[in-house]
Number of protein chains: 2
Amino acid sequence: MTTRREFIARAGAAGLGATLGAGAGAAEAADANAPAGRPASVPFYGTHQAGIATPTQEHVHFLALDVVSDSVGDLRALLAALSAAAARLTSGEPVGPLRTGVDPPVDTGETVGLGPARLTVTVGLGPALFKPGRFGLESRRPAPLVDLPTFSGDSLQPGISNGDIAIQACAEDPQVAFHAVHNLIRLASPAAVPRWSLAGFGRTLNTRGRPTPRNILGFKEGTANIVAHDQAAFDRFVWAGAPESPAWMNGGSYMVVRRIQILLDHWDSVSLDQQERTFGRHKLSGAPLGERHEFDPIDLNKVVDGRPAISRLAHIRLASPAYNDGERILRRGYSYTDGIYDGAAGGGQLFICFQRDPRAQFIPMQTKLARGDLLNEHTEHIGSAIFACPPGAGRGGFVGEGLFA
Amino acid sequence: MTTRREFIARAGAAGLGATLGAGAGAAEAADANAPAGRPASVPFYGTHQAGIATPTQEHVHFLALDVVSDSVGDLRALLAALSAAAARLTSGEPVGPLRTGVDPPVDTGETVGLGPARLTVTVGLGPALFKPGRFGLESRRPAPLVDLPTFSGDSLQPGISNGDIAIQACAEDPQVAFHAVHNLIRLASPAAVPRWSLAGFGRTLNTRGRPTPRNILGFKEGTANIVAHDQAAFDRFVWAGAPESPAWMNGGSYMVVRRIQILLDHWDSVSLDQQERTFGRHKLSGAPLGERHEFDPIDLNKVVDGRPAISRLAHIRLASPAYNDGERILRRGYSYTDGIYDGAAGGGQLFICFQRDPRAQFIPMQTKLARGDLLNEHTEHIGSAIFACPPGAGRGGFVGEGLFA
């Protein structure tokens, strides 16, 4: 009997095409799930991993796995199998046959007919993989992959924090994103087990020609974000490289994930003025306070009626490049909902950001925000994780291969 | 100071138009969220409540409220306010002003610019509202609104079961469905508090010209369902009427909701043959076992190789009209996902069905399924509720008004 993992690794290496039942359905339905003017599928192989500079899809399903094998060979085989499967999934193919005689199906089948739906699968490696004495990889640990410090006010829950391997599955269809995570969990067994997962919706990456989406606080989210087509900003702020990263991380990026519960009952009880002071922007237009239009530049020195137009502790002031030595991060988060919380609708933000070096970007920025941000009164950081996302792989290779070279 | 509820009830009664900031954005963005060939909004007012015969939208956010006031006047005012707000929301308007001086905004604002996205808000009334001595409504209780019996194998959790008032918010955009629930919870305060909520995705109502969707078990869901344009079937099986229902429920329907966790780790470990025997259908094509095409009639008497083509305990046999005195139900459920469960992707079905009389339809059907269905090995019923959904309201009226006549 061939294990799922063996089958998929071989299938990936051999570049196998569509199997039973998937080819026609996938091709037929692909257009239905692709927004106008966008291709239906996003290539898995390339210089960078997809899912970072890729214009944000409508849905995410995020997964953190813990590796339970202590064999570095198993870790390598697992990463190879994840890439092979991701390449198949992102082109709309099942991870393996749906008909398998007496064995259970390799692919679980819930996306037959749905097409690729712009699925991307982004793989990250957690700091614990590099622990001395675990896999013998301690000398390969990238300097920017630090353990995150505890920030002021953190209320982290271990069960929804950290992880050895991250899988960020984004797609235009929530079932396609779910299917990727569902099948990659199966594929990873028994070398790794799922630690936590979370599904989200919405977009925070601002892309040309689409209006900036709103978070569940009602504010536009991502106005000042790095835009998908700004190559210079990606090179400076997002893609890892020398001297701080080892060669195997060149063209990769570091991902920080925070699960930020929003205390909607509290937020909803303050006035619009107070909400706007908290963010530093107008709620409806998205304009910085004191300006008229969403994309007007932020003037932190502007004074209106003898007071700063943007409060000293406003979210956009503390997060702005001017307050962070010119540094920026690529935010690519999603909203999530989660039942009822404290008598109000439960939910928050699955904050996901990418950067060249968290030591210079997320960590100092979040240190300031955790101490001062007026928004803290309305949020609770309950989950946290950091991952090194290696560069993309070429055909026949796999994401993370350079780690073992 | 005007409460949110007072404001909205008055706004609804007066037929107020769009308020600040919403009108233009809503009109502009409406088309982006409407599938080709479908109108962008679904009227709230009409003979029947929307969200029952309405072709199923891609997302649901389901809410159950508990009434904490013991005043029947408060209950009436609450239902009036819910209808007024729902009428505004479903036409893409905020429930009230976003700018309100020193008071908190009436509408929370996260859908500004999104359009109505085919939002429907369906209101249901739970059996506990009719308890003797509570509101004096015991004589008004519809006979079909029974308390559901405990079914064999039920593992119900009280915190995600039952409720006094149901709000089924369905939309093409998850943020629009969330926003409805978010704002209706606020509006209901302090007369009612949220009990449980759950978001789901996908479609199980089969509509003309769209392929049947798959559930997270990988099987097509809804092939033999009542179709949205089958008026005769709706009249016979879905819409409430005499003699079993009181006049105020004429044109309404009874909704049963079940939260069915799927044990994916277990399901994924059995062979395709066993999965198909469990359902009674082929996984890829959706054809009944022994047939070739999805919509081929189910022949429960067919014998192949000396055995029934469809097992005696197959899901579709036990749920079929032939095994249920010709009865059918309208299924309108959704898939949900929920982190990690037992080492696998967590999720299940938010089963929602509508019918003329649960005593003749869901209850006997579920009694058979709970005892025999092969699928039970792979599922756990963890939540359950029943509601009477009154008929639709005309302009100036509200859903449930007949209850107080």
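The paragraphs below set out a description of the structure included in this document. Starting from 1, residues in each chain are numbered consecutively following that chain's sequence as written. Chain letters and ligand numbers both follow the written order, the letters beginning at A and the numbers at 1. A pLDDT threshold of at least 70 governs which residues receive local features in this predicted model, and a stricter bar of 80 or more applies before side-chain atom pairs are shown or counted, although totals over entire chains, interfaces and linings include all residues.

### Digging into the overall build of chain A
And step 1. A run of H or I in DSSP counts as a helix once it spans at least four residues, and a run of E counts as a strand once it spans at least two, with each numbered from the N terminus. Within chain A, the regular secondary structure consists of 9 helices and 11 strands.
And step 2. Out of the 405 residues in chain A, the part that is buried amounts to 57%.
And step 3. For chain A, contacts bridging at least 24 residues in sequence account for 76% of all contacts bridging at least 6. Partly exposed residues are those falling between the two cut-offs: more than 12 but fewer than 20 other C-beta atoms within 10 Å of their own, whereas 20 or more means buried and 12 or fewer means exposed, with C-beta atoms placed from the backbone. Contact between two residues is assigned whenever their backbone-derived C-beta positions fall within 7 Å.

### Details of the interface of chain A and chain B
And step 1. Across the contact, 48 residues belong to chain A and 48 residues belong to chain B.
And step 2. The set of elements that each furnish at least two residues to the side of chain A that touches chain B consists of α4 (174–188), β4 (192–201), β9 (334–341) and β10 (344–355) of chain A.
And step 3. Under the convention adopted here, Pro, Cys and the residues Ala, Val, Leu, Ile, Met, Phe, Trp and Tyr are nonpolar, Asp, Glu, Lys and Arg are charged, and Gly plus all remaining residues are polar. Here the residues of the side of chain A that touches chain B sort into 24 nonpolar, 17 polar and 7 charged.

### Things to note about helix α7 (residues 272–279) of chain A
Residues and elements named next belong to chain A.
And step 1. Those residues of α7 that sit buried are Leu272, Gln275, Thr278 and Phe279. Within α7, the buried residues cover an arc of 120 degrees as seen down the axis, which keeps them to one side.
And step 2. Summarising the contacts, the buried residues of α7 are in contact with α8 (315–318).
And step 3. Trailing α7 by a residue or two, Gly280 shows a phi angle of about 90 degrees, which is positive. Here the arc refers to the set of directions running from the helix axis out to each C-beta atom.

### Quick look at the relation of the copies chain A and chain B
And step 1. Least squares is the method for superposing the copies, and the C-alpha atoms it fits come from residues with pLDDT of at least 70 in both. Its rotation angle being 180 degrees, the transformation that places chain A on chain B also includes 0.0 Å of axial translation and leaves an RMSD of 0.0 Å. These values place the two chain copies in the arrangement generated by a two-fold rotation axis. Identified as the residue of chain A closest to the rotation axis by C-alpha distance is Asp338(A), at 4.5 Å.
And step 2. Counting the interface residues of chain A, we find that 98% of their copies in chain B are interface residues as well, pointing to one common contact surface.

### Quick word on the pairing of strand β2 (residues 120–125) of chain B
Each regular strand displays side chains that alternate between the two surfaces of the sheet.
Residue and element names in this part refer to chain B.
And step 1. Of all 6 residues that make up β2, 6 are buried, and the element is covered over most of its length.
And step 2. Here β2 shows no split at all, with Thr120, Thr122 and Gly124 on one side and Val121, Val123 and Leu125 on the other all buried.
And step 3. Think of it this way: DSSP has to see at least two bridges between two strands before they count as a pair. With 6 bridges joining them, β2 and strand β3 (residues 165–171) adopt antiparallel strand pairing. Note on β3: the bridge partner recorded for Val123 is Ile167.

### Brief notes about α4(A)
And step 1. In a helix, the anticipated span is given by 1.5 Å times the number of residues less one. The end-to-end C-alpha distance of α4(A) is 21 Å, a good match for the 21 Å that 15 residues give at a rise of 1.5 Å each.
And step 2. Among the 15 residues of α4(A), 15 are classified as buried, and the element is accordingly described as predominantly covered.

### Considerations on the pairing of β10(A)
Residue and element names in this part refer to chain A.
And step 1. β10 sits mainly inside the fold: 12 of its 12 residues count as buried.
And step 2. For strand β5 (residues 253–262) and β10, the ladder comprises 8 bridges, and the chain directions are antiparallel. Residue pairing for β10: Arg258 is matched across the bridge by Phe351.
And step 3. Of the pairings in the sheet, the one linking strand β8 (residues 330–331) to β10 comprises 2 bridges and is antiparallel in character. Residue pairing across strands places Leu330 opposite Phe354, the latter belonging to β10.
And step 4. Pairing analysis gives 6 bridges linking β9 to β10, with the strands arranged antiparallel. Within β10, the residue paired with Ile340 across the bridge is Ala345.

### Examining the packing of helix α3 (residues 72–90) of chain B against helix α4 (residues 174–188) of chain B
All names here are of chain B.
And step 1. Simply put, an axis is a line fit to the C-alpha atoms, just over the touching stretch for a helix, and the angle between two N-to-C directions goes from 0 to 180 degrees. Viewed as axis vectors pointing N to C, α3 and α4 meet at an angle of 150 degrees, and their least axial separation amounts to 10 Å. By the criterion of interaxial angle, the relationship of α3 to α4 is roughly antiparallel. Between α3 and α4 lies a crossing whose hand is right-handed. Two secondary-structure elements touch here, α3 through Leu78, Ala81, Leu82, Ala85 and Leu89 and α4 through Ala180, Asn183, Leu184, Leu187 and Ala188. By definition in this entry, angles of less than 35 degrees are roughly parallel, angles greater than 145 are roughly antiparallel, angles of 65 to 115 are roughly perpendicular, and the rest are oblique. Should the near helix be turned counterclockwise from the far one by less than a right angle, the crossing is left-handed, whereas a clockwise turn marks it as right-handed.

### Let's talk about unusual backbone geometry
Residues and elements named next belong to chain A.
And step 1. Omega for the bond connecting Ser189 with Pro190 falls within 30 degrees of zero, at 5 degrees, which places this linkage in the cis form.
And step 2. By the element assignment, Pro190 lies in the loop between α4 and β4.
And step 3. Geometrically, the link from Ala242 to Pro243 is a cis peptide bond, its omega value of 0 degrees lying close to zero.
And step 4. By the element assignment, Pro243 lies in the loop between α5 (231–238) and β5.
And step 5. Unlike most non-glycine residues, Ala117 shows phi in positive territory, near 55 degrees.
And step 6. With respect to the helices, strands and loops of the structure, Ala117 is situated in the loop between α3 (72–90) and β2 (120–125).
And step 7. Although it is not a glycine, Asp305 sits at a positive phi angle of roughly 55 degrees.
And step 8. Note on placement: Asp305 falls in the loop between β6 (303–304) and β7 (307–308).
And step 9. Asp305 gets classed as exposed once you count the C-beta atoms within 10 Å, which come to 5.

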